[in-house]
Amino acid sequence: MLMASALLLLPRLGALGLWAPDEPRYAQVAEELRSFAHGPSGLFVLHLNGEAYEQKPPLYFWAAALAGAPGGRVTEGAARLPSALAGIACVALTMRLGALLLSPRASVLGGLFLLTTLEFAHLARRVQLDIVLTLFELAALYAFVRLEKKKGSRAANLVGLHAALGLAVLTKGPVGLLPLLVLAVALGFEGRLAALRGLFPAWSPLLSLAPPLAWLAAAATLAPAGFFHAAVVQNLWGRVAEGTAHPRPFYYYAYQFPLDFLPWSLLWPFLPAVAWRRIFASSVDPERRWAWRFLLSWVGTTFVVFSLFAGKRGLYLVPAAPAAALLCADALLLAVPERQSWPRALSYLAPALAASLFTVGARLALFPQVWGQPLPWTFGAAVAAVAAAGAAAWMWLGRRAPTASERAALGRIGVAIASAFALLALAFYLLYPSLDDEKSPRPVALAAAAFAPPGEPIGLLGRSPLVGGLVYYGGRAVVELDSPLDARAFLARGGRVIVLDAKKLDRLMAVVPVEVRTRARADDRTLLVVTPQKDVAEGPPEVPSAP
């Protein structure tokens with residue numbers, strides 16, 4: 001299992017540019033930390049473009065800086081390495097949890113489901129905080145289950161629980177304490193809410209709260225005035241209550257979570273029937289019933305809490321993915337008991353999916369373009385081949401003798417997992433490279449740096465998410481310009497280059513004449529590199545190629 005995880009998540013981590021908006025920003029924060037550009041205080045006060053960065057806690061950036069230290073730079077691969085290693089650890093820990101809660105078969109199948117879930121696998125190869133957060137929340141809940149099952153030393157499990165919570169908070173702030181609410185809900189369902197007090201010995205805050213509070217106190221002391229208010233009050237309150245970032249309707253996760261959990265969300269319709277007949281019937285093993293209540297509490301609590309937030313993103317629910325994977329695995333195994341046939345609905349669904357994938361793959365092989373974006377024809381051909389091979393294996397297994405029906409059913413599960421694994425690998429190694437120039441700010445950053453004299457800053461009219469990418473790839477400071485008048489003042493002070501969204505060109509031209517030197521795509525937008533018109537006669541310098 002670890003080998004499969006490593007094969008999917010580790011190869012060619014640095015082959016792609018950092019994709020806007022989050023990846024280049026986080027990588028630049030880690031690089032300014034690694035370079036020690038801001039002295040010892042920079043270990044506690046994160047910086048972006050030379051300014052204090054108050055949006056996130058430091059743990060991921062410490063890890064990325066450490067990964068980049070041997071090579072003297074936080075490269076794309078070094079920046080993504082913490083996510084990939086955390087993804088592998090999540091799969092391993094999910095298996096351990098599944099074996100403790102359910103069965104050995106469910107643990108293996110749950111780990112495979114998690115690994116081949118679309119959003120989990122994608123984020124485990126990106127510079128994102130959420131897979132690392134998932135690992136620590138999973139570790140905390142695993143320690144709780146060990147306490148409930150009386151496995152190992154109680155003191156050691158309590159240490160593991162609270163240390164994992166402290167690391168989760170250092171990764172992404174107070175949301176790292178969400179496992180405590182999960183525990184409260186799970187114990188409340190059992191009528192044992194009073195048992196929650198036993199999970200908090202007097203020393204527990206030294207592990208769960210003291211480290212993040214110590215970092216926050218140090219950062220607030222060393223940072224410029226206003227850091228605490230921006231980091232805690234504006235950032236947290238704005239995201240939770242006001243939706244200052246990614247505002248979404250309350251029902252957002254009702255459709256986004258199933259999309260992110262594909263392909264295994266297709267199994268969710270089977271869960272209620274299995275739960276009713278095989279889990280919550282009065283004669284069922286109480287241990288399994290408790291396991292399902294715990295896993296459902298985990299998923300449900302995460303879903304409800306983040307649905308109440310005004311700001312929402314699909315990746316916020318990734319910490320619930322291990323529980324959802326184990327529920328799907330156990331439900332499927334219970335739906336295929338010994339000497340009974342494969343669920344009929346899946347027998348129709350799988351060929352329909354294979355036919356759809358084959359059609360899409362064949363179309364992309366013949367016409368390798370989507371929404372104007374060219375794709376390699378080999379991607380479509382490979383998708384069609386995977387769909388055809390999967391369908392052939394599925395049909396062959398379905399013709400096995402009735403006495404081998406359970407083995408054939410398990411074989412079909414293996415075919416589905418292998419197909420999902422292959423499709424993810426094709427996306428990572430064939431599809432993503434074709435999107436790199438559009439998703440990464442590297443081309444526009446290199447072009448802007450080529451037109452600016454050494455040491456001079458680059459102006460950015462709006463589009464603040466591009467700051468990290470322009471600094472990381474351009475190697476220049478960036479001056480953020482709020483309006484065309486600010487841009488005119490920047491050029492009047494001797495600035496030579498401005499990057500802006502193509503839609504803002506007319507507004508800029510209305511106040512200052514500029515010449516468009518380069519057009520590029522980044523984060524689904526057309527970006528321009530412009531210079532004052534007086535520079536046109538000088539001729540454009542050669543734009544360096546990507547490193």
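Residues numbered from 1 in each chain as written. Predicted model: local features only at pLDDT ≥ 70, side-chain atom pairs only at ≥ 80, totals over all residues. Heavy atoms only, no water.

Chemist: Would you mind showing me how to read the overall build of the chain here?
Modeler: Regarding its fold elements, the chain presents 23 helices and nine strands. Rg of the C-alpha trace for the chain: 26 Å, near the compact-globule value of 24 Å for 547 residues, within the 12% margin. Based on the C-alpha atoms only, the size of the chain along its principal axes is roughly 85 × 65 × 45 Å. Taking all contacts inside the chain whose residues are at least 6 apart in sequence as the whole, residues at least 24 apart take part in 72%. Counting every atom, the chain has about 24000 Å² of accessible surface; 64% of that belongs to carbon and sulfur. (Helix = DSSP H or I, 4+ residues; strand = E, 2+ residues; numbered from the N terminus. Rg over C-alpha atoms; globule rule 2.2 N^0.38 Å. Contact = heavy atoms within 4.5 Å. Areas by Shrake-Rupley, 256 points an atom, 1.4 Å probe, with all protein chains shown as cover.)

Chemist: Help me understand helix 11 (residues 210-222), please; the structure alone is not making it clear to me.
Modeler: An α-helical turn contains 3.6 residues, so a residue and the one three or four places further along point in the same direction. With 13 residues, helix 11 ought to run about 18 Å at 1.5 Å a step, and its terminal C-alpha atoms sit 18 Å apart, in line with that. Burial in helix 11 covers these residues: Pro212, Trp215, Leu216 and Ala219. Along the long axis of helix 11, the arc covered by the buried residues comes to 100°, so they all point the same way. Among the exposed residues of helix 11, those oriented more than 90 degrees off its buried face are Leu213 and Thr221. (Expected span 1.5 Å × (residues − 1). Buried < 20%, exposed > 50% of the residue type's maximum accessible area, 1.4 Å probe, protein only. Arc of directions from axis to C-beta.)

Chemist: Where do I start with unusual backbone geometry in this structure?
Modeler: Glycine aside, the phi torsion of most residues is negative, and most peptide linkages are trans. Look at the link from Ala20 to Pro21: it is a cis peptide, with omega at 5°. Of note, Pro21 is situated in the loop between helix 1 (2-9) and helix 2 (22-34). The omega torsion of the bond from Leu262 to Pro263 falls at 5°, within 30 degrees of zero and hence cis. Mapping Pro263 onto the fold places it in the loop between helix 13 (252-260) and helix 14 (270-279).

Chemist: Got a minute to help me understand the nonpolar core in this structure?
Modeler: Nonpolar side chains tend toward joint burial in soluble globular proteins. Core analysis: the biggest nonpolar cluster contains 149 residues, and Phe61, Leu101, Phe113, Trp292, Phe294, Leu295 and Trp298 have the highest contact counts within it. The element best represented in this core is helix 7 (residues 130-149), accounting for 13 residues. Not counting residues within four places of it along the chain, the set of residues in contact with Leu295 comprises Leu101, Leu102, Ala323, Leu326 and Leu327. Grouped together as the second largest cluster of nonpolar side chains are 13 residues, Ala487, Leu491, Ile498 and Leu500 included. (Core = buried A, V, L, I, M, F, W, Y, C linked by side-chain atoms within 4.5 Å.)

Chemist: Help me out: how do you make sense of the packing of helix 14 against helix 16 (residues 321-335) in this one?
Modeler: For any two helices packed against each other, the geometry is given by the interaxial angle and the distance between the axes. Relative orientation of the contacting elements helix 14 and helix 16 amounts to 65°, with a least axis distance of 10 Å. When you trace helix 14 past helix 16, the crossing you get is left-handed. Contacts between helix 14 and helix 16 involve Leu271, Val274, Arg278 and Ile279 on the former and, on the latter, Leu327, Cys328, Asp330, Ala331, Leu334 and Ala335. When grouped by side-chain class, the residues that make up the contact of helix 14 with helix 16 number eight nonpolar, no polar and two charged. (Axes fitted to C-alpha atoms, helices over the stretch in contact; angles between N-to-C directions. Left-handed = near helix turned anticlockwise from the far one by under 90°. Nonpolar A, V, L, I, M, F, W, Y, C, P; charged D, E, K, R; others polar.)

Chemist: Before we go on, may I ask you to explain helix 2 in this structure?
Modeler: In this model, helix 2 (13 residues) spans 18 Å end to end at C-alpha, consistent with the 18 Å of a helix rising 1.5 Å per residue. Burial analysis of helix 2 places 12 of its 13 residues in the buried class, which makes it a mostly covered element. Residues of helix 2 that are buried include every one of Asp22, Glu23, Pro24, Arg25, Tyr26, Ala27, Gln28, Val29, Ala30, Glu31, Glu32 and Leu33, and no others. Elements in contact with the buried residues of helix 2: strand 1 (47-48), helix 3 (59-68), helix 4 (76-101) and helix 21 (467-474).

Chemist: Help me out: how do you make sense of the environment of Ala388 in this one?
Modeler: Structurally, the position occupied by Ala388 is in helix 18 (residues 377-398). Taking the C-alpha atoms as reference points, Ala388 and Val318, separated by 70 residues in sequence, lie 31 Å from one another.

Chemist: How do you make sense of the pairing of strand 9 (residues 525-532) when you look at a structure like this?
Modeler: Regular strands place their side chains on alternate faces of the sheet. Most of strand 9 sits out of view: six of its eight residues are buried. Here strand 7 (residues 498-501) runs beside strand 9; their pairing, made up of four bridges, is antiparallel. Note on strand 9: the bridge partner recorded for Asp501 is Leu527. (Pairing = 2+ DSSP bridges.)

Chemist: I would appreciate a short explanation of the pattern of salt bridges in the present structure.
Modeler: Should the charged atoms of two oppositely charged side chains come close, the side chains can pair. All chains considered together, the criterion is met by 12 salt bridges. Here the residues in one salt-bridge network are Asp22, Arg25 and Arg313, joined through shared partners. (Salt bridge = Lys/Arg side-chain N within 4 Å of Asp/Glu carboxyl O.)

Chemist: Could you clarify how one ought to interpret a nonpolar patch on the surface in this entry?
Modeler: On the surface, a cluster of nonpolar side chains totalling about 440 Å² of accessible area is made up of Phe36, Leu43, Phe44, Trp62 and Leu222. Mapped onto the elements of the fold, Leu43 is located in the loop between helix 2 and strand 1. (Patch = residues over 30% accessible without salt bridge, like charges linked within 9 Å, V, L, I, M, F, W, Y side chains within 5 Å.)

Chemist: Got a minute to help me understand the confidence of the model for the chain in this structure?
Modeler: Interpretation of this model should avoid reading the predicted coordinates in detail wherever pLDDT is low. When the pLDDT values of the chain are averaged, the result is 90; 92% of them are 70 or greater. Throughout residues 536-547 the model reports pLDDT below 50, and contacts reaching past four residues in sequence, or to other chains, amount to 19 contacts. (pLDDT = per-residue confidence, 0-100.)

Chemist: How do you make sense of the environment of Glu148 when you look at a structure like this?
Modeler: As for its position among the elements, Glu148 is in helix 7. Separated by 343 residues in the primary sequence, Glu148 and Leu491 have C-alpha atoms spaced 66 Å apart. Among all residues touching Glu148, those that are not within four sequence positions of it are Leu187, Arg192 and Trp290.

Chemist: What should I look at first to understand the packing of helix 20 (residues 442-451) against helix 21 in this one?
Modeler: At their nearest, the axes of helix 20 and helix 21 sit 8 Å apart, and the two run at 60° to each other. Classified by the angle their axes make, helix 20 and helix 21 are oblique. Crossing angle aside, the handedness with which helix 20 passes helix 21 is right-handed. Together, Arg442, Val444, Ala445, Leu446 and Ala449 of helix 20 and Gly469, Leu470, Tyr473 and Gly474 of helix 21 make up the contact between the two elements. Looking at the contact of helix 20 with helix 21 residue by residue, the class counts come to six nonpolar, two polar and one charged. (Parallel < 35°, antiparallel > 145°, perpendicular 65-115°, else oblique.)

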